[in-house]
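These are the residues of each chain, in order.
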Amino acid sequence: MTSSSSFSQDTQRFAHTYADGRRADALMEEDVAWSHEIDGERDGDQFDRSERAALRRVAGLSTELEDVTEVEYRQLRLERVVLVGVWTSGTAQDAENSLTELAALAETAGALVLDGVIQRRDKPDAATYIGSGKAYELRDIVLESGADTVICDGELSPGQLIHLEDVVKVKVIDRTALILDIFAQHAKSREGKAQVALAQMQYMLPRLRGWGQSLSRQMGGGKGGGLATRGPGETKIETDRRRIREKMAKMRREIADMKTGREIKRQERKRHKVPSVAIAGYTNAGKSSLLNRLTGAGVLVENALFATLDPTVRRAETPSGRLYTLADTVGFVRHLPHHLVEAFRSTMEEVGESDLILHVVDGSHPNPEEQLAAVREVIRDVGAVDVPEIVVINKADAADPLTLQRLMRIETRSIAVSARTGQGIDELLALIDNELPRPSVEIEALVPYTHGKLVARAHTEGEVISEEHTPEGTLLKVRVHEELAADLAPYVPAPTA
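Source: prediction; values computed, not measured. (Residues numbered from 1 in each chain as written. Predicted model: local features only at pLDDT ≥ 70, side-chain atom pairs only at ≥ 80, totals over all residues. Heavy atoms only, no water.)

Some details on the pattern of salt bridges
Then, number 1: A complete count under the given rule lists 16 salt bridges for this structure.
Then, number 2: The salt bridge partner of R242 is E246, with a shortest N-O separation of 3.8 Å. One end of the pair is R242 and the other is E246, both in helix 10 (residues 236–271) and 4 residues apart, which spans about a single turn.
Then, number 3: Here R376 ties to E411 by a salt bridge, and the two come within 2.9 Å at their closest N and O atoms. With a gap of 35 residues between them, R376 in helix 14 (residues 368–381) and E411 in the loop between helix 15 (401–410) and strand 11 (414–416) connect regions that are remote in the sequence.
Then, number 4: Classification of E411 as buried rests on a relative accessible area of 14%.
Then, number 5: Look at the salt bridges and you will find they share partners, linking E101, D153 and R175 into a network. (Salt bridge = Lys/Arg side-chain N within 4 Å of Asp/Glu carboxyl O. Helix = DSSP H or I, 4+ residues; strand = E, 2+ residues; numbered from the N terminus. Buried < 20%, exposed > 50% of the residue type's maximum accessible area, 1.4 Å probe, protein only.)

Spelled out as structure tokens, the structure:
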């Protein structure tokens, strides 16, 4: 374990390397974009023994407001937190990016980030996550800063939570609990609230704790009390677990019932042969902004993680006049809790059932490749690996040109756009038009004016190549699906000799 002097040296060295005063919400800003001078020349594999065991403070994560008027303007000021991360692999920049993202999550949840530390270890400590010695150093940081909560950048076991709380003497939560709290704040629809509640109960079940009266036992079996109370009975914590399991079973049934309505709407779109496009991507990559730009949906847009959770489906039209639906899905994040993936599986089925995925990535992020990998991992989990994908590199107006070139070289099916300025939107619409599945049958028919519904169906369900109004009716040359082709077949003109 390092001494306090070496800990101070580590702090100064880190502060010298990175700019002072960097706020957590600068995660999406241009000034922290990927830099070749820093990231390209960093050698993250060579560490001496003292630095490998050091608990390093991450400078610039404090979000303490200096202006008193700003403090008064903030309506909700919750807990004061210290962030803790364990660096097990990758470079120092990777570990700091992860902790910076955790700071952005904490701010989104309403917390005030006071400090952040990273410890280099081969693997997290099984008892206290950062080791017993570093846990006491963390307690000193908590006392010095006046924090009332510690947030760990990982999913802690019940034992790790208990042991770390015993040392630092304040509440300890992990990354999973923090994301679940954000989801609980932002869920608006009935289905979204039910999905979040189910995920929270799944997370809570193995972490229930009791003390004092909470550990007492109920009276055992028998009739009428008195001497007939044999058997150990059921403890309070066992009763709580049983009730949570019953609530989880009820919540799963309710979610399954809600899923039916969305499936009916999806089958109706398929029956009318309406192609569907799903927008997927990392949280705060600009999915809702892109949906608004493409369809004018008016969905909430905010520079915050998981600002919108409930999926939105809107009708859109390609430049050639073909109708399709555009669905905005929930954002993803690194190490997305598996409880949420399971609870939101029915919502994420919009991605698996779509004809095309617009994979939105933040081009101004320090490491957009990590965002792409994290989202594709979740896409694989929901079984959407066979759906065609277009990588939409958003925020091109704020991105480093070298980063854009690198991404477009790696991702062959990609396009750079800016949902804020409209840059590249026309090219994206043309690309969607080319990538959507086209009707398989080309047919020419002379439809009488008394059967105008067939002409309307040709426009909505197919692709009209040419249309001419004649005295006998409407002469259509269209590309349609087999069902509509069968309805148009009686009106195909006889071949001329």
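Observations regarding the packing of aromatic side chains
For any two aromatic rings, the description comes down to two numbers: the centre-to-centre distance and the angle of the planes.
Then, number 1: One pass over the structure, following the stated rule, counts 0 aromatic pairs.
Then, number 2: In this arrangement the basic side chain of R120 is found over the ring face of W87, its NZ or CZ atom lying 4.7 Å from the centre. (Phe/Tyr/Trp six-rings, centres within 6.5 Å; stacked < 30°, edge-to-face > 60°. Lys NZ or Arg CZ within 6 Å of the ring centre and 35° of its normal.)

Considerations on helix 5 (residues 92–109)
Then, number 1: The end-to-end C-alpha separation of helix 5 is 26 Å, in line with the 26 Å expected for 18 residues at 1.5 Å each.
Then, number 2: For helix 5, the tally of buried residues reaches 17 of 18 residues, placing the bulk of the element in the interior.
Then, number 3: Count one or two residues on from helix 5 and you reach G110, which has phi positive near 105°. (Expected span 1.5 Å × (residues − 1).)

With respect to the pairing of strand 2 (residues 80–87)
In summary, the side chains of a regular strand alternate between the two faces of the sheet.
Then, number 1: Across the 8 residues that make up strand 2, a large majority, 7, are buried.
Then, number 2: With 8 bridges connecting them, strand 2 and strand 3 (residues 112–120) associate as parallel partners. When the bridges of strand 3 are listed, V81 appears paired with V113.
Then, number 3: Both strand 2 and strand 4 (residues 149–152) contribute to a ladder of 4 bridges, which runs parallel. Each bridged residue has a counterpart across the sheet, and for V81 the counterpart in strand 4 is T149. (Pairing = 2+ DSSP bridges.)

Observations concerning the sheet that holds strand 13 (residues 463–469)
Then, number 1: Across the sheet, which stays open at both edges, the 3 strands sit in the order 12-14-13 with antiparallel pairing between neighbours. Only two strands of the sheet have a single partner each, and these edge strands are strand 12 (441–447) and strand 13. When strand polarity is set aside, the average angle formed by the axes of neighbouring strands in this sheet is 10°.
Then, number 2: Strand direction decides the pairing type here: strand 13 and strand 14 (residues 474–480), joined by 6 bridges, are antiparallel. Counterpart to S466 in the pairing with strand 14 is K477.
Then, number 3: Of the strands in this sheet, strand 12, strand 13 and strand 14 are in contact with helix 17 (residues 452–461), which crosses strand 13 at around 145°. (Axes fitted to C-alpha atoms, helices over the stretch in contact; angles between N-to-C directions. Contact = heavy atoms within 4.5 Å.)

Quick look at unusual backbone geometry
Then, number 1: Even without being glycine, Y129 reaches a positive phi, approximately 75°.
Then, number 2: Following the sequence through the fold, Y129 ends up in the loop between strand 3 and helix 6 (132–145).
Then, number 3: Judged by its relative accessible area of 5%, Y129 falls in the buried class.
Then, number 4: At K169, a residue that is not glycine, the phi angle is positive and equals roughly 65°.

Quick look at the packing of helix 6 against helix 7 (residues 158–168)
Each pair of packed helices can be described by the angle between their axes along with the distance between the axes.
Then, number 1: One way to put it is that helix 6 packs onto helix 7 with a least axis distance of 8 Å and a crossing angle of 50°. Classed by the angle they form, the pair helix 6 and helix 7 counts as oblique. Relative to helix 7, the crossing made by helix 6 is right-handed. Contact residues: helix 6 offers A135, Y136, L138 and R139, while helix 7 offers L164, V167 and V168.
Then, number 2: Taken together, the residues that form the contact of helix 6 with helix 7 break down as 6 nonpolar, no polar and 1 charged. (Parallel < 35°, antiparallel > 145°, perpendicular 65-115°, else oblique. Left-handed = near helix turned anticlockwise from the far one by under 90°. Nonpolar A, V, L, I, M, F, W, Y, C, P; charged D, E, K, R; others polar.)

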